[in-house]
Structure formats: structure tokens, C-alpha cells
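Listed below are the residues making up each chain.
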Amino acid sequence: MSKKMNLLMFSGEYDKALAALLLANTAKELDVDVTMFFAFWGLFLIRDPEKATSEDKSIYESMFGMVTPKGPEELPLSRMNMAGLGKQMLLEMMEEDKTPSLTDFLNGARKKGVKFYACKLSVDVMGFKEDELLPEVEIITAKEYLVDALASDMQLFI
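Residues numbered from 1 in each chain as written. Predicted model: local features only at pLDDT ≥ 70, side-chain atom pairs only at ≥ 80, totals over all residues. Heavy atoms only, no water.

### Topic: the sheet that holds strand β5 (residues 154-157)
Turning to step 1, where the next piece is worked out: Pairing within the open sheet is parallel, and its 5 strands lie in the order β4-β3-β2-β1-β5. The open sheet is flanked by β4 (137-140) and β5, the only strands paired with a single partner. On average, each strand axis in the sheet is tilted by 25° relative to the strand beside it, whichever way the strands run.
Turning to step 2, where the next piece is worked out: As judged from the 4 bridges shared by strand β1 (residues 4-9) and β5, these two strands associate in the parallel manner. (Pairing = 2+ DSSP bridges. Helix = DSSP H or I, 4+ residues; strand = E, 2+ residues; numbered from the N terminus. Axes fitted to C-alpha atoms, helices over the stretch in contact; angles between N-to-C directions.)

### Here's the deal with the pattern of salt bridges
Turning to step 1, where the next piece is worked out: On inspection of all chains with the given rule, the structure shows 8 salt bridges.
Turning to step 2, where the next piece is worked out: A salt bridge links Lys4 to Asp148, with the nearest nitrogen and oxygen atoms 2.6 Å apart. You can see Lys4 sitting in strand β1 and its partner Asp148 sitting in helix α6 (residues 142-150), a full 144 residues away along the chain.
Turning to step 3, where the next piece is worked out: The exposure class of Asp148 is buried, given its relative accessible area of 16%.
Turning to step 4, where the next piece is worked out: In this structure, Asp124 engages Lys120 in a salt bridge whose closest nitrogen and oxygen atoms are separated by 2.9 Å. (Salt bridge = Lys/Arg side-chain N within 4 Å of Asp/Glu carboxyl O. Buried < 20%, exposed > 50% of the residue type's maximum accessible area, 1.4 Å probe, protein only.)

Listed below in C-alpha cells is the structure:
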């Protein structure tokens, strides 16, 4: 019997993204079908840092793009960020323990076939262009997301 897990990624914080991707990768190793739906701040996790652009954007969208994280490694910590010092400490502790980086977990999920969806409303409001997102990301509506979530055995909001 096939199991299905659905994660709604609302947070744009490094430690929360790390936890979500750890769960997604582990579930895939257990042969669980995994869907991740990214809304608002969660979109920064699936933003391709090489493709961020201000082309064809309003002045507000361009300004917003300049002051927000360009990709996963620029995400702050949810607690004790301390202007980046806390995150640097966490990264050093992770390195000492030979823990993979957030990008490693993200790439692992991509290779394992985790399905990535971006909220259409969030993409529009936040001023993202489809080209700025990772190629695996499909933009869907909240209704489409809910149909998927309702068919899941487990739903998590992070």
C-alpha cells in the first residue's frame, strides 16, 4: 500500500527548511510519495540564485527582490540568527558533525523525485517569475494543492 506525505512550506528560514527537507528525503527513502507546496516566504527555498532577475518587474517587485534571499543558503535562522552570527555557528556545528547543507538536502529531494509545487497566488504577489524557480517546480493554485493534500496520509505545515 502506497503512502503519501504532503508538506506545506510557508517558512523562509534555514532551520525550518532543513527540517522539512530532512523529512522529505527520509520519507522518499521509505518509498513514500512526497509533495512539497511552497507559499510566500517558503518560495525563497526554491528560488534559483543564478536566475534571480528584476527584468519585467514593477519597481516594488524589483526592490523586494533586492532585499530578500536569492536562494536557500541565504535564508536566516528562525531563532538566534543574531545578524547572521547564529547561522554561521550552526553551519560550523553542522560541518563538524559532517551534516549535509540545506542545498545538499534540497538537491537530494530533487534527485529522489519529491514533487515541488509553488502557490500561484504567492508567486504573483511576491513578484516571482516562473524562470526564477528551480526547473522541477510547477506553479499550481491553492485548490489544486488542497486536492493533493486531502489525498495524503500525512500533512505537515512548516
